[in-house]
Amino acid sequence: MRKVVSRDGTTIAYEKAGDGPPIVLLNGAFRDHTIFESLVPELAPHCTTYVYDRRGRGESGDAPAYAVEREIEDLVAVIGEAGGEAVVFAGSCGANLAIEAALAGAPITKLGLHEPFYRVGDNPKPPAGFTDTLRALVEDGRRGEAAEYFLTEMMWLDPEMIANWRRTPLWATNEANAHTLLYDTAICGDFEVPARRLASLPTPALVVNSENTGDWLRAAARETAAALPNGWGMQLPGSWHRIEMDILGRVLAGFATT
């Protein structure tokens, strides 16, 4: 992987592929750049894609203390490698990070957002003390329990779904990146859609959700799109918190190149 040094000296690893206008792909909780292995081939004929390992994951470095501002600087560093400005597509907690980056003035020309992690209406937030409990599990080295706790209290997955996930090879990545769940929790803040701040964001934004996703994720996508003055929502075929990659690729390619 290629490397770029973020403002605080942390090394961020990224890959570049394709040809055309630049688009940076930003992952959510647990994952690293490999989550986009199926999406990059769909975009590469139309866009120059940049995928990277967020700090603390994969081949990227980390720092002793975490701050959301440092992750924004990481994204800006990758955008710098893309020529100084780029479209950004981000999913899940990564969508929250992309929104915060745009609000902070990052050189993002367009925002593509997949189901940001907000809670609206009667959808409950994680319990009081969530962050403290998660931190204690991580610091005790109980990474598997930390991953389960996050999936239960943050994503509302039932025990059967988590048990099935535990039996897959992907679970090892969940445990390896469990410490970064604290980063994603910090990014989500109070879990409210920042409607007042979004009202001042002129960046064109496409907010997508899967037709078979959870009700709370659909509601979050809908309210995020409504709060953005140049935002619009789109529902696409897919499963829970996941859109079919070929369709997502076509939509994003059109969004990025027009």
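Fair warning: this is a prediction, and the values are worked out from it, not measured in the lab.

S.K.: Can you tell me about the overall build of the protein, naming the residues and giving the values?
M.R.: For the protein, the helix and strand inventory stands at eleven helices and ten strands. At 17 Å, the protein has a C-alpha radius of gyration in line with the 18 Å of a compact globule built from 258 residues. In the protein, which comprises 258 residues, the share counted as buried stands at 54%. Contacts in the protein between residues far apart in sequence, at least 24 positions, make up 72% of those at least 6 positions apart. Separation between the mean location of the 23 positive side-chain charges and that of the 35 negative ones in the protein comes to 2 Å.

S.K.: Mind laying out the sheet that holds strand β4 (residues 48-52), listing which residues take part and the relevant values?
M.R.: Neighbouring strands of a sheet are bound in pairs by backbone hydrogen bonds; such pairs are parallel or else antiparallel. Taken in spatial order, the eight strands line up as β1-β2-β4-β3-β5-β6-β7-β8 in an open sheet, and their pairing is mixed. Bordering the open sheet on either side are β1 (2-5) and β8 (231-236), each of which pairs with just one other strand. When the angles between neighbouring strand axes are averaged without regard to direction, this sheet yields 25°. Each of β3 (22-26), β5 (86-91), β6 (108-114), β7 (205-210) and β8 is contacted by helix α11 (residues 245-257), which is oriented at about 160° to β8, the strand it contacts most.

S.K.: I'd love a proper account of helix α10 (residues 215-227), names of residues and values included.
M.R.: A rise of 1.5 Å per residue sets the reference length of α10, with its 13 residues, at 18 Å; its end C-alpha atoms lie 18 Å apart and thus fit the reference within 8%. Taken together, the buried positions of α10 are Trp216, Leu217, Arg218, Ala219, Ala220, Ala221, Thr224, Ala225 and Ala227. Those residues of α10 hidden inside the fold are in contact with α3 (93-103), β6, α9 (195-198), β7 and β8.

S.K.: How would you sum up the layout of surface pockets? Please name residues and give values.
M.R.: Approximately 810 Å³ is the volume attributed to the largest pocket. Along its surface, the largest pocket is lined by 29 residues, and Ala29, Arg31, Ile35, His241 and Arg242 are the ones closest to its centre. Listed by contribution, the elements that provide at least two residues to the lining of the largest pocket are β5, α6 (159-166), β10 (242-243) and α11. Each residue belonging to the lining of the largest pocket can be placed in one class, and the counts come to 16 nonpolar, ten polar and three charged.

S.K.: Describe the side chain of His114, naming the residues involved and giving the relevant values.
M.R.: Relative to the assigned elements, His114 resides in strand β6. Every residue in contact with His114, bar those within four places of it in the chain, is listed here: Phe89, Ala90, Gly91, Ser92, Ala95, Val208, Asn209, His241, Arg242 and Ile243.

S.K.: So what's going on with the nonpolar core? Which residues, and what values?
M.R.: Where a protein is soluble and globular, its nonpolar side chains tend to be buried together. In this structure, Val24, Tyr52, Leu75, Val88, Ile108, Leu111 and Leu113 are the most contacted members of the largest nonpolar core, which totals 41 residues. Ignoring any residue separated from it by four or fewer positions in sequence, one finds Leu113 in contact with Phe89, Ala90, Ala95, Ala98, Ile99, Leu206, Val207, Val208, Thr224 and Leu228. Among the nonpolar cores identified, the runner-up in size contains 26 residues, and Phe130, Met155, Trp171 and Phe191 belong to it.

S.K.: Lay out the environment of Phe117 with the relevant residues and their values.
M.R.: In this fold, Phe117 is placed in the loop between β6 and α4 (130-139). For Phe117, a relative accessible area of 1% gives the class buried. Along the chain, Phe117 and Gly84 lie 33 residues apart, while their C-alpha atoms are 27 Å from each other.

S.K.: Which residues make up the pairing of strand β2 (residues 11-18), and what are the values?
M.R.: The pairing of β1 with β2 spans four bridges and is classified as antiparallel. In the sheet register, Lys3 faces β2, and the bridge partner there is Ala13. Alignment of β2 against β4, held across five bridges, turns out to be antiparallel. Paired with Ala17 across the strands is Thr49, a residue of β4.

S.K.: Give me the packing of aromatic side chains: which residues, what numbers.
M.R.: Applying the stated criterion to the full structure yields ten aromatic pairs. Ring geometry for Phe117 and Trp216: centres 5.2 Å apart, planes at 75°, overall edge-to-face. Of this pair, Phe117 sits in the loop between β6 and α4 while Trp216 sits in helix α10, and the two are 99 residues apart along the sequence. The ring of Phe255 has Lys110 sitting right over it, with the charged end atom 5.2 Å from the ring centre. Directly above the ring of Trp216 sits Arg119, whose terminal nitrogen or CZ lies 4.0 Å from the centroid.

Conventions we followed
- Residues numbered from 1 in each chain as written.
- Predicted model: local features only at pLDDT ≥ 70, side-chain atom pairs only at ≥ 80, totals over all residues.
- Heavy atoms only, no water.
- Helix = DSSP H or I, 4+ residues; strand = E, 2+ residues; numbered from the N terminus.
- Rg over C-alpha atoms; globule rule 2.2 N^0.38 Å.
- Buried < 20%, exposed > 50% of the residue type's maximum accessible area, 1.4 Å probe, protein only.
- Contact = heavy atoms within 4.5 Å.
- Lys, Arg positive; Asp, Glu negative; His and termini not counted.
- Charge placed at Lys NZ, Arg CZ, Asp CG, Glu CD.
- Pairing = 2+ DSSP bridges.
- Axes fitted to C-alpha atoms, helices over the stretch in contact; angles between N-to-C directions.
- Expected span 1.5 Å × (residues − 1).
- 1 Å grid on protein atoms, 1.4 Å probe; cavity = no way out; pocket = protein on both sides within 12 Å on 5 of 7 lines; lining within 4 Å.
- Points joined across faces, edges and corners; volume = space filled by probe spheres on them.
- Nonpolar A, V, L, I, M, F, W, Y, C, P; charged D, E, K, R; others polar.
- Core = buried A, V, L, I, M, F, W, Y, C linked by side-chain atoms within 4.5 Å.
- Phe/Tyr/Trp six-rings, centres within 6.5 Å; stacked < 30°, edge-to-face > 60°.
- Lys NZ or Arg CZ within 6 Å of the ring centre and 35° of its normal.

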